[in-house]
Amino acid sequence: MKYSALALLRGALAGHRTWTPAWRSPEPKAAYDVVIIGGGGHGLATAYYLAKNHGIRDVAVVERGWLGGGNTGRNTTVVRSNYLYPESARLYDFSLKLYEGLSRELNFNIMLSQRSHVMLAHSRHDLESIARWASAMHMHGIESELLTRAQVGELLPALDLSPAARFPVLGGLRQRRAGTARHDAVAWGYARAADALGVDILQNCEVTGFETGAGGEVTGVETSRGRLRAGRIGIAVAGHSSVLARLAGFRLPVTSYALQAMVTEPLKPRLDTVVISPGTGAYVSQSDKGEIVIGGGLDLFASYAQRGSFAVLQSVVAATLAMFPSFSRLRLLRHWAGIVDVVHDSSPIIGPTPAPGLYINCGWGTGGFKAIPAGGWLLAHALATGRSHELAEPFQLERFTTGRLIDEAAASGIAH
Ligand SMILES: Cc1cc2nc3c(=O)[nH]c(=O)nc-3n(C[C@H](O)[C@H](O)[C@H](O)COP(=O)(O)OP(=O)(O)OC[C@H]3O[C@@H](n4cnc5c(N)ncnc54)[C@H](O)[C@@H]3O)c2cc1C
C-alpha cells in the first residue's frame, strides 16, 4: 500500500480500518541466501539495499527483540556530517545525502529536519579547533560556518551568554544541513520497504550460535526459532557485536558501554537548532513534540545493562542547565540508555571478519544513527559482492593490525 495524502483521506473516510500491517511476520524458512543479524537501523537498511541495489531478495533479518528496540529506538536522533578526516567526512556525508532523499525513496516520512547543528566554542583553544575543523570540512566539500559569539546568541536566544555564565561562549561551528530525523521512522521505513521487496523480518528470534563448514566458513545460524542455513551472514548488532564475534570464534576491538539520554516535559518551540557543548559535556535539541532532548557522555565503565549511572545523569543535567538556565523549571519526563559499541579510534568497522562468509557492521559507538543509510548500503555491498566498497575500505577490521587508524574521537561528539 502506497502512503499518500489521498490514502490518508481514504483511510479516514473508512474509519482507518483499511490499513494493512507495514510488514509481514513470516515463519522462518530453513535457508536463505543471506541472513542479517540485528533488526536495528543498520540491519534493516542492509536488507533493503541488498534487495534494491543487488537484487538479492532471499534475505532474513533476525532480531532477538522488536525492530528498533536497540540503540536505533533509543538515540537522540542527531544527523550530521561534520567529521574531520577525509575518509569519515566522505562516509558520513554520503549517509546524510541518502537521508535527504529517504522519505521519498521509502515512501515513509522519516521527519528529517535539517535545522542545523551548532558546536559551541568555550575557549581560545576551542576556537582554534573549530577553525581547523571548518577548513577541513571545506576541503572535503562539506559546507560549514564559523559563528561569532553574537551570531550564536541570535541563533540560540535561550543560551546563557551573560557575564555570569559558568562557561563563556566565544563562538561556534555550524553545519546547516545537519539536524534530526525520527529514529523509529527510519527503522520502520526500511523494514516496510525491505519487506515489500521480499525480505523476511523475524522478530523475537535470537541468534545463539553459528554453524560452520569444513573450511571454517559460516553456513548458518542457530536461533531461538530454529536453525537457518545461509550463503552469507551479516552482523549489525551494535553493543552486542563482541558477543556475536565470540560466538563466531574471533575477537573484536570493541568495548560496550551504556549511553544515556533523557527528555523533559514538552514546551512551546524554544530551540530550533541542535546545540552541542563539548566543554560542558551535553548536547540538546527540541523534538517535534516539544520535549527538550538531552544527551551527554558515556558511562565510563564497560556494561551490557541498558541503564545509565546516576553520576553521568547528574553531570549532563548540570551541563545543560549551565547552558540553558531557564530549563531548570522543566520536569524530566523520561530517561533511558542504550548499549553502544565503542572502537578505540572512534570509527566503525564495515567488512569481512576472520570467519569466511561472515561480514560485520559495528563500532559506530555513540554516532551510528546518522550513518544508518551508509552503513546499510556498505554492508549490503560487501555481502553481495564479497568485496568492500571504496567508501568502506578505510574501515576494515585489519586496520587494527596495520595501524592505519582513523582517530575521530573529537568529531564523534562529546561522548568518546
Ligand atoms: C542514548 C543514545 C543516544 C544516541 N544518540 C545518537 C545521535 O544523536 N546520533 C547518532 O548518529 N547516533 C546516536 N546514537 C548511536 C546510535 O543509536 C547507534 O550507533 C545506532 O542506532 C546503531 O544502530 P544498529 O542498527 O547498529 O544497532 P541497534 O539499533 O542497537 O540494533 C541492533 C539490534 O541487534 C539485536 N541483537 C543483539 N544481539 C542479537 C542476537 N544475538 N540475535 C538477534 N538480534 C540481536 C538487538 O536487539 C538490536 O535490536 C545514540 C545512542 C544512544 C544509546
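As a reminder, the structure under discussion sits directly above these lines.
Here is a short report on the structure shown in this document. Just so it is clear, the structure is predicted and the values come from calculations on it, not from any experiment.

**A word on the site of the ligand**
At step 1: Around the ligand, the structure places 38 residues, and the nearest of them are E63, N71, T72, T76 and K370.
At step 2: The backbone of G41 places a nitrogen or oxygen atom 3.1 Å from an oxygen atom of the ligand.
At step 3: In this structure, V207 approaches the ligand through a main-chain N or O atom, which is 2.9 Å from a nitrogen atom.
At step 4: For the ligand, whose unbound accessible area comes to 1000 Å², protein coverage reaches 96%.
At step 5: When contributions to the shell around the ligand are tallied by element, the ones reaching two or more residues are α2 (41-54), β12 (254-264) and β16 (332-343).
At step 6: Split by residue class, the shell around the ligand holds 15 nonpolar, 18 polar and five charged.

**With respect to the sheet that holds strand β15 (residues 292-302)**
At step 1: What the eight strands build is an open sheet, ordered β5-β6-β4-β13-β14-β15-β12-β16; its pairing is mixed. Each end of this open sheet is capped by a strand with a single partner; those strands are β5 (145-148) and β16. For this sheet, the mean inter-axis angle between neighbouring strands, taken without regard to orientation, is 25°.
At step 2: Here strand β14 (residues 282-286) pairs with β15 via five bridges, running antiparallel. Among the inter-strand pairings, V284 is bridged to a residue of β15, identified as I294.
At step 3: Each of β4 (117-121), β5 and β6 (171-175) touches helix α5 (residues 124-139); the most contacted strand, β6, lies at about 25° to it.

**Observations concerning the environment of I142**
At step 1: By the element assignment, I142 lies in the loop between α5 and β5.
At step 2: Separated by 52 residues in sequence, I142 and R90 place their C-alpha atoms 9.1 Å apart.
At step 3: If we skip the residues at most four places from it in the chain, I142 touches S81, A89, D93, M137, Q175 and R177.

**So, the packing of aromatic side chains**
At step 1: Throughout the structure, instances matching the rule amount to 11 aromatic pairs.
At step 2: Centroid distance Y48 to Y190: 5.7 Å. Interplanar angle 55°. Geometry classified as tilted. Highlighted residues: Y48 in helix α2 and Y190 in helix α7 (residues 183-196), separated in sequence by 142 residues. As far as the burial class goes, Y48 and Y190 line up, both buried.

Rules used throughout
Residues numbered from 1 in each chain as written. Predicted model: local features only at pLDDT ≥ 70, side-chain atom pairs only at ≥ 80, totals over all residues. Heavy atoms only, no water. Near = heavy atom within 4 Å. Polar contact = N/O pair within 3.5 Å; in protein donor to acceptor, adjacent residues only side chain to side chain. Areas by Shrake-Rupley, 256 points an atom, 1.4 Å probe, with all protein chains shown as cover. Helix = DSSP H or I, 4+ residues; strand = E, 2+ residues; numbered from the N terminus. Nonpolar A, V, L, I, M, F, W, Y, C, P; charged D, E, K, R; others polar. Pairing = 2+ DSSP bridges. Axes fitted to C-alpha atoms, helices over the stretch in contact; angles between N-to-C directions. Contact = heavy atoms within 4.5 Å. Phe/Tyr/Trp six-rings, centres within 6.5 Å; stacked < 30°, edge-to-face > 60°. Buried < 20%, exposed > 50% of the residue type's maximum accessible area, 1.4 Å probe, protein only.

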